[in-house]
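Chain by chain, the residues run as shown.
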Amino acid sequence: MILTEESVKAIKEKVKLYPQRKSAILPALTIAYRQVGHLSDEIYQEISRATRIPYVEIAEAATFYTMFPKAPRGKYLIQVCHNISCALLGADSLIGYLEEKLGIKKGETTPDNLFTLISVECLGSCATAPMMQINNDFYENLTRAKVDEILEELKAKA
Amino acid sequence: MSFYSPVITNAAEVAQSDDLHLFRYVEDPEQHNVDTYEKHGGYVAWKKVLTSMQPDEVIAEVKNSGLRGRGGAGFPTGMKWGFVPKDSPKARYLICNADESEPGTCKDRVIMERDPHAMIEGMAIGAYAIGSHLMFCYIRGEFGHCIDQVEAAMKQAYAKGHLGKNIYGSGYDLDMVVHTGGGAYICGEETALLNSLEGEKGLSRIRPPFPAVAGLYASPTIVNNVETLAAVPHIINRGADWYKTMGTEKSAGSKIFSLTGHVNRPGNYEVPLGFNLKTLIYDEKYGAGIPNGKKLKAVIPGGASTPYLKPDMIDVGLDYESLASVGSMLGSGAIIVLDEDTCIVWSIMKLIHFFRHESCGKCTPCREGTGWLEQLITRIEHGEGRPGDIEKIDDLCGNILGRTICPLGDAAVMPIQSTIKHWRDEWQYHIDHKKCPCANTHEFK
């Protein structure tokens, strides 16, 4: 088993909320993703067993959405918004700065498995641009000094 | 500890106003708590509706108020509620669309983070109006903090008896579910949202049947935006006639505008509909002008889906009709400001990348067309455009517009068409000189 007992219990609770059990697919995938950091066929199977939703239906939904990647990522997933409002305030240069600081290209993970850097579509922080999301948290109104501080803090915590 | 976006709002101005209401308490750090919300007059409208109004009266009041959908389409809210068949034996569902992801839009997030009960109360009133006993709030998955905040508020509302069984002794039962999305812009389109909520891929559905007749689980369903629903309790408390005192004849009420890009004070500002766009950008109370004394190049007035405006077109009211009269749209109220150094083609390249990525793939014109457009536009911006490319883009746009099930295809091409109309010389320059003529100095600090 990859999913913890706690996750399975939470997934089963979600199923009860809906008139049709299939509606619990996205919430279940979210619970699994928050626990593991990525998804896999094995996890689809475990969700299928917990929810009694066919495996294929879980896989079909999971592969449509961007938030349920199968590839493992670093401990900290850095997602930089590259859409128009952030781009106008320097999102491209922010990505470049992060690439330089982390010594990796966009889409890569640092050798110590600590950071993965990707760029994503609008995250709804347009008036506090540029911004990035790291795991579940938003970091907004970014400057070079702030980025330095955030990365140092995360490294110290790891 | 709740999470607050550091975004600027005009809450202080709203608090001084007799009429503006959505942002009145958003700078109060306790507003997300049910006790504070109640102290500020919260759940009074819900109680009034449940104990003294018939569903038809609620629909009539909202219809008379002139409230229109704040998510982008601007459809009259009361009229939408009225489409739910009275005699349907099926369950009915009210869904709050909190899948905020139109580039430039960051307003619903503020309501969810700082005043979530306003949304929940509006949802409850809408649910009662259509006879629904189960309502959903579909929040985009990336908004982890909003999901936590709304779930916490929902639990408080249950604990206080605002939700659950036999609410206020009225005999009316109402339950709520917070649903999380998986990262797909298309799920903000109501029929794709319904598929997503059913555990399917987020593909849009052909209408008719409209969701009001056959929506979630093929049952009558109403989908309303967060900001739309948050206005409803105020309409119930103060009446349709009061609401109509704000705004214009056809665009009643107030609206939150997300002002972003090249302005000194990007932020969320609640103003009456019809408010002057130029004032919002330049007035010290709002955008305070363009940084470094730069001149204006263009304004996208309603989010990434709406046609661009030239500087000589921005002395215009922010309402549905006025923006239509200058060839654009109010959309979600996301105003994106581009300064003189910004390349129009570069900005369009950013937008088309987004739409290509977010196309669900169901309709061929949108799925293939957005990809071809991205290739053409990217090569032009990079100095590799060929003679005839602009005509090709124009032709492609014409073959997408109006030929897709949902409006994503239209949304992708309308901004492009507007820039070819207004800045054709700049497009042509890229091809003739094989380079971008603009400084594009978009460095972060």
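Our structure is the block above this text.
Rules used in this analysis
Within every chain, residues take consecutive numbers counted from 1 along the sequence as written. Chains and ligands are labelled sequentially in the order written, the chains with letters from A and the ligands with numbers from 1. Only residues with pLDDT of at least 70 are given local features in this predicted model, and only at 80 or more are side-chain atom pairs given and counted; all residues enter the totals for whole chains, interfaces and linings. The side-chain quantities take in all heavy atoms of the structure and omit both hydrogens and water. Strands here are runs of E lasting at least two residues and helices are runs of H or I lasting at least four, both read from the DSSP assignment and numbered beginning at the N terminus. Only C-alpha atoms enter the radius of gyration, while the globule expectation follows 2.2 Å times N to the 0.38, with N the number of residues. Only protein chains enter the accessibility calculation, which uses a 1.4 Å probe. A residue is then buried if its area is under 20% of the maximum for its type, exposed if over 50%, and partly exposed in between. In this analysis, two residues are considered to be in contact whenever any of their non-hydrogen atoms come within 4.5 Å of each other. Computed with a 1.4 Å probe, the accessible areas rest on the Shrake-Rupley method; for each residue, only the protein chains presented here act as cover. Being paired, for any two strands, means DSSP has found at least two bridges between them. Each axis is a line fitted through C-alpha atoms, taken for helices only over the stretch in contact, and angles between the N-to-C directions span 0 to 180 degrees.

*Asks:* Could you clarify how one ought to interpret the overall build of chain B in this entry?
*Replies:* Counting its secondary structure elements, chain B contains 18 helices and nine strands. Relative to the compact-globule value of 22 Å for 445 residues, chain B shows a C-alpha radius of gyration of 22 Å, a close match. Taken over the C-alpha atoms alone, chain B extends approximately 75 × 45 × 40 Å along its principal axes. Within chain B, the proportion of its 445 residues that are buried is 62%. Residue pairs in contact within chain B that sit at least 24 positions apart in sequence constitute 70% of those at least 6 positions apart. Total accessible area on chain B stands at roughly 15,600 Å², and carbon and sulfur atoms take up 52% of it.

*Asks:* What is the right way to read the sheet that holds strand β4 (residues 175–180) of chain B from this model?
*Replies:* Across a sheet, strands are paired by hydrogen bonds formed along the backbone, either parallel or antiparallel in direction. Residue and element names in this part refer to chain B. Spatial ordering of the open sheet is given by β4-β3-β2-β5, a layout of four strands whose pairing is parallel. Two strands close off the open sheet at either side, each with one partner strand: β4 and β5 (221–225). Here the strands of the sheet are splayed against their neighbours by 20° on average, with no regard to which way each runs. Inspection of the sheet shows strand β2 (residues 93–98) paired to β5 by five bridges, in the parallel sense. In the sheet register, I95 faces β5, and the bridge partner there is V223.

*Asks:* Could you clarify how one ought to interpret the sheet that holds strand β9 (residues 334–339) of chain B in this entry?
*Replies:* Residue and element names in this part refer to chain B. Read from one edge to the other, the open sheet built from five strands follows the order β1-β7-β6-β9-β8, with strand pairing classed as mixed. Both outer strands of the open sheet, β1 (8–9) and β8 (296–300), are each paired with one neighbouring strand and no more. Bridge count for β1 against strand β7 (residues 267–272) is two bridges, and the pairing is parallel. What sits directly across from T9, in β7, is N268.

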